[in-house]
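Residue-level structure breakdown
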Amino acid sequence: MAKLIMTADDSASVRQMVAFTLKQNGYDVIEAVDGRDALNKLATQKVDMLLTDLNMPNMDGIGLIKGVRAGTLNKFIPIVMLTTESNDTKKGEGKAAGATGWIVKPFKPEQLIAVIKKVLG
Amino acid sequence: MMEEAVATYREEAGELLAELETSLLELEETPDDNDLINRVFRAMHTIKGSGAMFGFDEIASFTHEVETVFDMVRNGKMTVTKRLLDLTLKSRDHISYLLNAPVGEDVDRSAGDEIIAGLRQLLPQAELPQKGSSEVPAIHLPEISQDELPNECTWRIRFRPAPNIIMCGTNPISLINELRGLGTAQVVAQFDEIPPLDELVPESCHIYWDIILTTSRGEDAIRDVFIFVEDDCDIKIELIDSSGLIDREEGYKKLGDILVERGDLSPVEMKKVLLLQKRFGELLVEKGIVSPEKVQSALVEQQHVKSVRKERNEAPQQEAAASIRVPAEKLDQLINLVGEMVTVQAHLSQVSLAGGDSVFISISEEVERLTNELRDTALNIRMLPIGSTFSKFKRLVRDLSGELGKEIEMETFGAETELDKTVIEKLNDPLVHIIRNSIDHGIEMPDVRRSAGKSGIGKVYLGAEHSGDSVLITIRDDGAGLDRDAIRAKAVERGLLQANAEVSDREIYSMIFAPGFSTAAKVTSVSGRGVGMDVVKRGIEGLRGSIGVDSVRGSGTTITLKIPLTLAIIDSLLVKIGKDHFVLPLASVEECVELTREDIKNSHGRNLANVRGAIVPYIPLRQHFGITEQLPEIEQIVIADIHGTKVGFVVDHVVGEHQTVIKSLGKMYRDVKGVSGATILGDGTVALILDMGTLLQTIELMELSTKGS
């Protein structure tokens, strides 16, 4: 069974690139355009992992992470944040909210896959 | 693909710039509107982040400057002024210019530099960016450091995860497994911090681990494993042994010294206990000074380093260790004798149990133990690394690719995986067929590959690995993949599939194993005649193995062969129908469930059982074999996994696990479907070994023909 990964990003181009990379590596993908959209979908859809941007309209990545951890269906899934900030404040905020790991933009497809393999164990 | 994403990015950035313009103009009216400020910031942020992803470095670094300013506005460190809005609008225009500049041409930076200078003037003095900070932040990633240390070192790692580690989506076990991947590791879990049951939070992690790891990778490689958790978890990494050490002593530190070094024991306590002159570890535990797990962990370290050092010192002598060449027939004879022995031993056990003499039983049990060891050792002697055949295939790939005008490289892994000699020999033909197919149909011509964005050089991977009592052999190519629709069309044309049947990709791909099946438009000298894959399937099934295909259009095909380790003796399930015994290979058996008369009545003659909510079809073997003896009140269904489908076989009784020495049935019975051999039971009776795969096929065909008529 291919693992199902959700990518939440308001940037269509990043979503496209992430989804393509994941599919090429044998994962199934569902996309969400912002935090609210992601949280709505995750309420009924069980996934194996969430990749989320931090800066999004409607609900940002931090809010999304908190929401997932407070939910039930996907409470314990690994969550990786995509961030442009290499500074530790945002990373720390994300970790405190319950993120599992992070990857700093820009990243190469191989790097993304390496991180995913790591957190999926 | 990348071009598509770049086009999407251009479009998306264009929309964001339009939105940015509107927001900026609105902001001029209401300069305090936080919502608008956030919107501006977010637009800049996305343009920057995605720009960097798709190679628009100029845009990324320029936008970073503007974003920095708006971050300050957002945090209340600056206010929105007319000058700021002017500059931001100019920035918008500049980004738009950069976005549409032809790729690869030099862009005019002067306008951008001017805007940046203007923006910097607006910044409060204290916030002036330091030199060099205008660059887009560098990538920060858990890349595995490649600097191999020349020497193998042994590390002592204590990994104490934060209690909430599982709630944050990290599985500590997978981190430990990652460590195991670095070298030889021994792991001891520590339980002394698990609270009493009523205080225990099931979602929290109360366990911590001591890991002794011998690896040639440096400390950085170990730290990289913990990259995402190092801030929250307590991780101690200490070097305890290195092959570079000059003293090549074999021994290692005393238990007490290890515990003191780790901080699990104080030197004063150590001296006190040492005075008592007993085994130190036992005393510590007895006195409750150190937990048993901690002592065990220290003992593990002691043993580990001792054995690493011993191995190191013995290594030069080992090279001289002798091996003897023995003719293969002698080994086959040994295996045969061991087979006979296993049979006789089973008889002995039965007789001794029936006799009830305790001395006799204990002797018989001893014989059983020794026979099992003898069997394993004997089978092990016949095991050979599969790598010897791999090199043959490299040659095949080289020759064939030259013939076809393709450039193909072959990579192998797991060459050291061991398999029974006879199995390796029988694998040769199927592997040749599969690899030929990959080269001929799978890998495209170099120019086709290049135009699809792939490297001109195709790759074929051949690998072997252990999985339970089987070996998995994987043949993967990065070629065009199987054409699902063409296979489907062909299958429909050949009458193998209904035109409107809903089947999974896997089922469609498995059609390639049908006899004479080929979608190739032209027959080449290498393959395409449609003979081959069905031969492969028969060959593998002859080895009691199974075969699976997976394929992604455009990126390649993977064929996986699952082969049992040996052909001579297998673990199996002994069952009884009427007075007859039958044997089912245990590797495919999943579970046994009861089938009562009532169940049969409820299924209305459809031969379907409900196993915990899943519907499993079953085959009443009694009917199939025409056995008419008295039916028991409760029958048993043995549920087996056959090529991914669950099927039940109904029998009267399940006797239990059985060591089965496979005997062939001889030429007379070679064409009997559904029976792969026979075995002799402890009491001398013969039991047939059922081949569940072909049994299922035969019955399906019979059903179809009865329905058809």
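One can find the structure itself at the top, above this paragraph.
My aim in this report is to walk through the structure given alongside it, one point at a time. Owing to the predicted nature of the structure, the values given are computational and were not obtained by experimental measurement.

A word on the sheet that holds strand β13 (residues 580–585) of chain B. Residues and elements named next belong to chain B. Taking strand neighbours across the sheet as the criterion, the five strands line up as β19-β12-β13-β21-β20 in an open arrangement whose pairing is mixed. Since the sheet does not close on itself, it has two edges, and those belong to β19 (653–661) and β20 (675–680), each with one partner. Taking each pair of neighbouring strands and ignoring which way they run, the sheet shows an average axis angle of 35°. Inspection of the sheet shows strand β12 (residues 569–577) paired to β19 by eight bridges, in the antiparallel sense. Pairing of Ile569 across the sheet is with Val661, part of β19.

In this section: unusual backbone geometry. All names here are of chain A. Here Lys105 and Pro106 are connected by a cis peptide whose omega angle stands at 0°. Within the fold, Pro106 resides in the loop between β5 (101–104) and α5 (109–120). One non-glycine residue with positive phi stands out, namely Asn58, at about 65°. Structurally, Asn58 can be placed in the loop between β3 (49–53) and α3 (61–70). According to the C-beta neighbour criterion, Asn58 is partly exposed, with 14 such atoms within 10 Å.

All names here are of chain B. Strand order in this open sheet of five strands is β6-β8-β9-β11-β10, and the pairing throughout is mixed. The open sheet terminates on both sides in strands that have one partner only, identified here as β6 (408–413) and β10 (546–552). Strand-to-strand, the axes of this sheet are offset by a mean angle of 15°, without reference to chain direction. Across six bridges, β6 lies against strand β8 (residues 458–467) in parallel orientation. Of the residues in β8, the one forming a bridge with Met410 is Val460. Contacts from helix α15 (residues 421–442) reach β6, β8, β9 (470–477) and β11 (556–564), with the element oriented near 175° to β11.

Right, let's talk about the interface of chain A and chain B for a bit. Facing the 33 residues of chain A at the interface are 31 residues of chain B. The element contributing the most residues to the side of chain A that touches chain B is helix α1 (residues 12–24) of chain A, with seven residues. Residues that form the side of chain A that touches chain B fall into these classes: 16 nonpolar, twelve polar and five charged.

The next subject is the nonpolar core. Of all hydrophobic cores here, the largest spans 85 residues; its most connected members are Met6, Leu50, Leu51, Ile79 and Ile103 of chain A together with Val40 and Phe70 of chain B. With nine residues, the top contributor of residues to this core is helix α2 (residues 34–53) of chain B. Residues contacting Leu51 of chain A, with those up to four places away along its chain left out, are Ile5, Met6, Thr7, Val18, Val80 and Leu82 of chain A. Membership of the second largest hydrophobic core comes to 32 residues, among which are Met410, Leu431, Ile512 and Ile563 of chain B.

Quick notes on the rules
- Residues numbered from 1 in each chain as written.
- Chains lettered and ligands numbered in written order.
- Predicted model: local features only at pLDDT ≥ 70, side-chain atom pairs only at ≥ 80, totals over all residues.
- Pairing = 2+ DSSP bridges.
- Helix = DSSP H or I, 4+ residues; strand = E, 2+ residues; numbered from the N terminus.
- Axes fitted to C-alpha atoms, helices over the stretch in contact; angles between N-to-C directions.
- Buried ≥ 20, exposed ≤ 12 C-beta atoms within 10 Å, placed from the backbone.
- Contact = placed C-beta atoms within 7 Å.
- Nonpolar A, V, L, I, M, F, W, Y, C, P; charged D, E, K, R; others polar.
- Core = buried A, V, L, I, M, F, W, Y, C linked by C-beta atoms within 7 Å.

These values are about where atoms sit, not about what they do.
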